[in-house]
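Architecture and fold: a report
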Amino acid sequence: MDAGIAAALISSLAGVVVSVGASVWTHRQGVELEQVRYELERSTRDSEKRSAAKAELDRYREPLLVAAFDLGARIHNIRKKGFLAYLKSTPRRRRLATLGTLFCVARYFGTLEILYSRLALLRFESAADTRLVAALLADIGREFASDLYDRVDTFHSSRFMLWREEQRAIGELMRGPDGLAEQCAGFAYFDTRYDEIFAAWFGGFATALESGAAPGSERLARLQTLLALLVTQLDEEGAYTLVVDGETVAPDWVTAEGLA
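Keep in mind that what you see is a predicted model, and the values were worked out from it rather than measured. (Residues numbered from 1 in each chain as written. Predicted model: local features only at pLDDT ≥ 70, side-chain atom pairs only at ≥ 80, totals over all residues. Heavy atoms only, no water.)

Overview of the overall build of the chain
Across its full length, the chain holds 8 helices and 2 strands. Moving toward the C terminus, one meets the helices and strands of the chain in the order α-α-α-α-α-α-α-β-β-α. Residues classed as buried in the chain amount to 38% of the 260 residues present. Here the contacts in the chain between residues at least 6 apart in sequence split such that 70% fall between residues at least 24 apart. A total accessible area of about 14600 Å² is found for the chain, and carbon and sulfur atoms account for 56% of it. (Helix = DSSP H or I, 4+ residues; strand = E, 2+ residues; numbered from the N terminus. Buried < 20%, exposed > 50% of the residue type's maximum accessible area, 1.4 Å probe, protein only. Contact = heavy atoms within 4.5 Å. Areas by Shrake-Rupley, 256 points an atom, 1.4 Å probe, with all protein chains shown as cover.)

Digging into unusual backbone geometry
Excluding glycine, a negative phi dihedral is what most residues carry, and trans is how most peptide bonds are arranged. The phi dihedral of Phe160 is positive, around 60°, even though this residue is not glycine. For Phe160, the location among the structural elements is in the loop between helix 4 (131-145) and helix 5 (164-173). On the accessibility criterion, Phe160 (1% relative accessible area) is buried.

Some words on helix 7 (residues 218-234)
Compared with an ideal rise of 1.5 Å per residue, which puts 17 residues at 24 Å, helix 7 spans 25 Å between its outermost C-alpha atoms and is within 8% of the ideal. Most of helix 7 is tucked away, with 12 of its 17 residues classed as buried. Among all positions in helix 7, only Arg219, Leu220, Ala221, Leu223, Gln224, Leu226, Leu227, Ala228, Leu230, Val231, Thr232 and Leu234 are buried. The opening residue of helix 7 is Ser217, an N-cap whose side-chain oxygen sits 3.3 Å from the backbone nitrogen of Arg219. (Expected span 1.5 Å × (residues − 1). Polar contact = N/O pair within 3.5 Å; in protein donor to acceptor, adjacent residues only side chain to side chain.)

A look at the packing of aromatic side chains
Overall, the coordinates contain 13 aromatic pairs when judged by the stated rule. On the numbers, 5.3 Å between centres and 70° between planes, the contact of Tyr108 with Phe109 is edge-to-face. An identical accessibility class is assigned to Tyr108 and Phe109; each is buried. Grouping aromatic residues by their ring pairs yields a cluster made of Phe103, Phe160, Phe187, Phe190, Tyr194, Phe198, Phe202 and Phe205. The lysine or arginine in question, Arg74, covers the ring of Phe83, its NZ or CZ lying 4.2 Å from the ring centre. (Phe/Tyr/Trp six-rings, centres within 6.5 Å; stacked < 30°, edge-to-face > 60°. Lys NZ or Arg CZ within 6 Å of the ring centre and 35° of its normal.)

Pasting the structure below:
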């Protein structure tokens, strides 16, 4: 083969190799750039989701904190401070003691219902800055619904049990007649409408409350602990919690004696 022709062929082949290599490199770079762009966009979306979840939690932080604190404090008063002695008082005090306690439960579920109506539950449970609060809320709901506690004979007679459907129904009713209010109904509304719309959902719970079994309830003891943890997580300003040596440990109604 003529040396000139051979040189031309080699030069041509080299050009093809360079061209193919450049094309492959350009394609690879394009793929890598797309991957980087995708990761950045996904990170931005995830950040926006976290921000949205945190923003909604912050919006309802105070109502949820108050509801959780009041419910935990009432449970503590029942378990350790003889609050249910009022059940032996005048008919008015007896009704107030019963309905006041049921209202604490109802307001907690009502506040939760409002929060969940504003925020996708899956996003709330997966966002890093709301995941722990979501887990505690789920645990509290589970403890209310469990049939493992306070059995009289069988799991059918488990005291203070509220199934998920009952929890949601109570929460919905606490949003007023149309079920759309952005804040829970007050005690006066709860009292006047209790027999008409709430009693059907609270029947078993109210009976257990009036039976005198509450102070020794395993379920209520467990709920008190979980509510204390929830309050600690929600109380960013430390207004409701006990501080020991500069460290926030629990609401002031949670002590070794109180949780025992």
